[in-house]
Amino acid sequence: MSALLKPLELFMPRVDFNVQIDEQLKARVETLAASICVDMNELVEHLVKRWVERTAPEEPDVTMEEVLQERRLDNGVKASLRGDLVPDEEIEAEHAQMMAEIRGRQGSVG
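Definitions and cut-offs
- Residues numbered from 1 in each chain as written.
- Predicted model: local features only at pLDDT ≥ 70, side-chain atom pairs only at ≥ 80, totals over all residues.
- Heavy atoms only, no water.
- Patch = residues over 30% accessible without salt bridge, like charges linked within 9 Å, V, L, I, M, F, W, Y side chains within 5 Å.
- Areas by Shrake-Rupley, 256 points an atom, 1.4 Å probe, with all protein chains shown as cover.
- Salt bridge = Lys/Arg side-chain N within 4 Å of Asp/Glu carboxyl O.
- Helix = DSSP H or I, 4+ residues; strand = E, 2+ residues; numbered from the N terminus.
- Buried < 20%, exposed > 50% of the residue type's maximum accessible area, 1.4 Å probe, protein only.
- Contact = heavy atoms within 4.5 Å.
- Expected span 1.5 Å × (residues − 1).

Residues Phe17, Val19, Ile21 and Leu25 make up a contiguous nonpolar surface patch of about 400 Å² in total accessible area. Relative to the helices and strands, phenylalanine 17 resides in the segment before α1 (23-35). Note on phenylalanine 17: relative accessible area 67%, which makes it exposed.

The structure is reproduced here in structure tokens:
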């Protein structure tokens, strides 16, 4: 789907889609949905959509960069579920330091 059509997804009609899964898998999905504070339907829809987009035959072959990006995203989600998060203060400090270094380089060039 093109980037221009993405905002329209909010207005697309919703339909029921029933699947049969075992109780253990359902429990894992429910636990995951609760741990990341999303509705179970929303999580399942997201997972199905990602799978379809990754495996659609009309899509071009996936590049190595896309594979690496997906792995980084998956690893980030797993880290957040473990509670392995970087505090906002550390991110802000790192960003401020990076910006100061950039400004310093720009000042020394001019």
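Back to the text.
By secondary structure assignment, the location of glutamate 70 is in helix α3 (residues 64-82). Judged by its relative accessible area of 24%, glutamate 70 is partly exposed. For glutamate 70 and arginine 54, which are 16 residues apart along the polypeptide, the C-alpha to C-alpha distance reads 10.0 Å. When sequence neighbours within four positions are dropped, the list of residues in contact with glutamate 70 reads Arg50 and Arg54.

Attention now goes to α3. For α3, which comprises 19 residues, the first-to-last C-alpha distance of 27 Å matches the rise-based estimate of 27 Å (1.5 Å per residue) to within 8%. Backbone geometry just after α3 places glycine 83 at a positive phi near 85 degrees.

Phi is positive for cysteine 37, close to 60 degrees, though the residue is something other than glycine. Among the structural elements, cysteine 37 can be located in the loop between α1 and α2 (40-55). Residue cysteine 37 is classed as exposed on the basis of its relative accessible area of 70%.

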